[in-house]
Amino acid sequence: MFQFDRVALSDETQDLRAQVRAFIDENRAYLPRPNSDFVTGHDPEFSQKLGERGWIGMTWPAQYGGGERSNFERLVVTEELLSAGAPVSAHWIADRQSGPLLLRFGTPEQRQRYLPGIIRGERFFSIGMSEPDTGSDLASVRTSATAEGDAYRINGTKVWTTDAHRNHFIICLVRTAAQTENRHAGLSQIIVDLKNDGVKIRPIRNMAGGEDFNEVVFEDVLVPKNRIVGEPGNGWQQVTSELAYERSGPERFLSAYRVFAELIRLCGDSPAPHQAAAIGRLAGHFMTLRRMSLSVAGMLEAGKDVVVEAALVKELGNNFEKLVPEVARLAVPDIAHTDAAALGLFRQTFDETMLLSPSFTLRGGTREILRGVIARSLGLR
Ligand SMILES: Cc1cc2nc3c(=O)[nH]c(=O)nc-3n(C[C@H](O)[C@H](O)[C@H](O)COP(=O)(O)OP(=O)(O)OC[C@H]3O[C@@H](n4cnc5c(N)ncnc54)[C@H](O)[C@@H]3O)c2cc1C
């Protein structure tokens, strides 16, 4: 079963929100991008600016340069950046899940080596889970890492790898032992240097015209053994814990937020009744999902297991963010025939979000997989 406790943010957290808004105002040159999607704005300079403010690795230990702040403070920073349309994708994955993974399972040497660069907004990570024919069923990954003296020899292909062509490292789920009856055994996670280890990276164009994800090919790539994260063979347990970080944040319901903000601007102070109803409907959903996401931040803060709650936030959040452009389209029915100048930024954010929206319920785990996780917790399967 699951539970979403009510959480109230402290005054300090609200002060931090004001600081982030002031920072955004000072850095208008970097934004707003047309949409609030966390994947489409890769800007190392902006990430470094956030690093200087202490807004990457906010909850991590001071010994690596982390802020030792709460998950609530982190959530406030991320929701302000996303809703403003800030370009956050460069550091996003490292901050959200690679860093926490290394803190939990990495060796002291790995933490010392990778975390300070992430915190400064200078070192970026990708996720190497999906493979051709292996997305939802992660346990069937085929990429192999074979021990050879002090190294592992990696062969295989990863796909849909966000920002592999721009980032520095990828943490790959690989098979270090042959598959047995226990499909979850023999998997491990290993860090590969995308710039120096001889990996082949081919960008894949998406429907919106962007090249944000890739095919990543490993042909006899040799990686030192000390790049294994955690115990060899423990990859399945590690990946499962990583997915909770991947699924619970505000990026799972805010991807279409700029459409909502621009809709309000376009409708002005006196919206027609059907427009007011659309705005009210979307606002109600935003508030509910935000309360749920805050509650998950509270559980992370308390060190609780949030796998099911994270799946629920993602499942409801992704379906909602797909709905936002649809509701906006009905509120402004003449989009196609209205002069683009009259619509202003609404037109741009609407077009781009509409084209990106099919990916919302795929990335990070599909709708069916998340419903399976939720159904299991309810004892329905
Ligand atoms: C924008 C974007 C960015 C991404 N970035 C990354 C990344 O950085 N790194 C990475 O590793 N991956 C990434 N992915 C991949 C993503 O995680 C996978 O696409 C996703 O897990 C689905 O896997 P698949 O595409 O192989 O589909 P499949 O697993 O083949 O699924 C196809 C369909 O079958 C359904 N299905 C599958 N199994 C079941 C089942 N047991 N029960 C019911 N229905 C089922 C699925 O829900 C889906 O509708 C990204 C994807 C997108 C769209």
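Residue numbers run consecutively from 1 along every chain, following the written order of its sequence. The predicted origin of the model limits local features to residues at a pLDDT of at least 70 and limits the giving and counting of side-chain atom pairs to 80 or more, whereas totals for whole chains, interfaces and linings rest on all residues.

Caption draft 1: A look at the pairing of strand β3 (residues 151-159). Looking at chain direction, strand β2 (residues 144-148) and β3 are connected through five bridges and run antiparallel. Bridged to Glu-148 within β3 is Ala-151. DSSP calls a pair of strands paired once it identifies at least 2 bridges connecting them. Put simply, DSSP H or I for four residues or longer makes a helix, DSSP E for two residues or longer makes a strand, and each gets a number counted from the N terminus. Between β2 and the antiparallel strand that follows it, β3, lie two residues; Gly-149 among them carries a positive phi value of about 60 degrees. By the bridge criterion, eight bridges tie β3 to strand β7 (residues 213-224) in an arrangement that is antiparallel. If you follow Ile-154 over to β7, its bridge partner there is Val-221.

Caption draft 2: Just the site of the ligand, in detail. To decide nearness, the C-beta atom of each residue is placed from the backbone, and the residue is near a molecule or strand if that atom lies within 6 Å of it. Taken together, 20 residues lie around the ligand, and Met-129, Gly-135, Ser-136, Thr-366 and Glu-368 are the ones closest in. Looking at the shell around the ligand, the elements with two or more residues in it are β1 (125-128) and α12 (367-377). The dominant element in the shell around the ligand, judged by the number of residues it contributes, is β1, at three residues. An automatic or database domain assignment supplies the residue ranges for each domain. For the shell around the ligand, the two domains that each supply at least three residues are domain 2 (127-233) and domain 3 (249-377).

Caption draft 3: View of the packing of helix α4 (residues 89-105) against helix α5 (residues 108-119). Contact geometry for α4 and α5: axes closest at 10 Å, N-to-C directions at 155 degrees. By the angle between their axes, α4 is roughly antiparallel relative to α5. Remark: the crossing between α4 and α5 carries left-handed chirality. Here His-91, Ala-94, Asp-95, Gly-99, Leu-102 and Leu-103 of α4 come into contact with α5, specifically with Gln-110, Arg-111, Tyr-114, Leu-115 and Ile-118. Throughout this entry, Asp, Glu, Lys and Arg are counted as charged residues, while Ala, Val, Leu, Ile, Met, Phe, Trp, Tyr, Cys and Pro are counted as nonpolar. The remaining residues, Gly among them, count as polar. Class assignment for the residues of the contact of α4 with α5 results in six nonpolar, three polar and two charged. Helix axes are fitted only over the stretch in contact, all axes being lines through C-alpha atoms; the angle between N-to-C directions runs from 0 to 180 degrees. By definition in this entry, angles of less than 35 degrees are roughly parallel, angles greater than 145 are roughly antiparallel, angles of 65 to 115 are roughly perpendicular, and the rest are oblique. Crossing handedness: left-handed means the near helix sits turned counterclockwise from the far one by under a right angle, and right-handed means the same turn made clockwise. Contacts are defined on C-beta atoms placed from the backbone: any two residues whose C-beta positions lie within 7 Å are in contact.

Caption draft 4: Quick peek at α4. Multiply 1.5 Å by the residue count of a helix minus one, and that product is the helix's expected span. End to end, α4 covers 24 Å across 17 residues, agreeing with the expected 24 Å (1.5 Å per residue, within 8%). To obtain the bend at a residue, axes are fitted to the seven residues ending there and to the seven starting there, and the angle between these axes is taken. Of all the bends in α4, the largest measures some 40 degrees and sits at Asp-95. The exposure scheme places C-beta atoms from the backbone and then counts, for each residue, the other C-beta atoms within 10 Å of its own, assigning buried at 20 or more, exposed at 12 or fewer, and partly exposed in between. Of all 17 residues that make up α4, 14 are buried, and the element is covered over most of its length.

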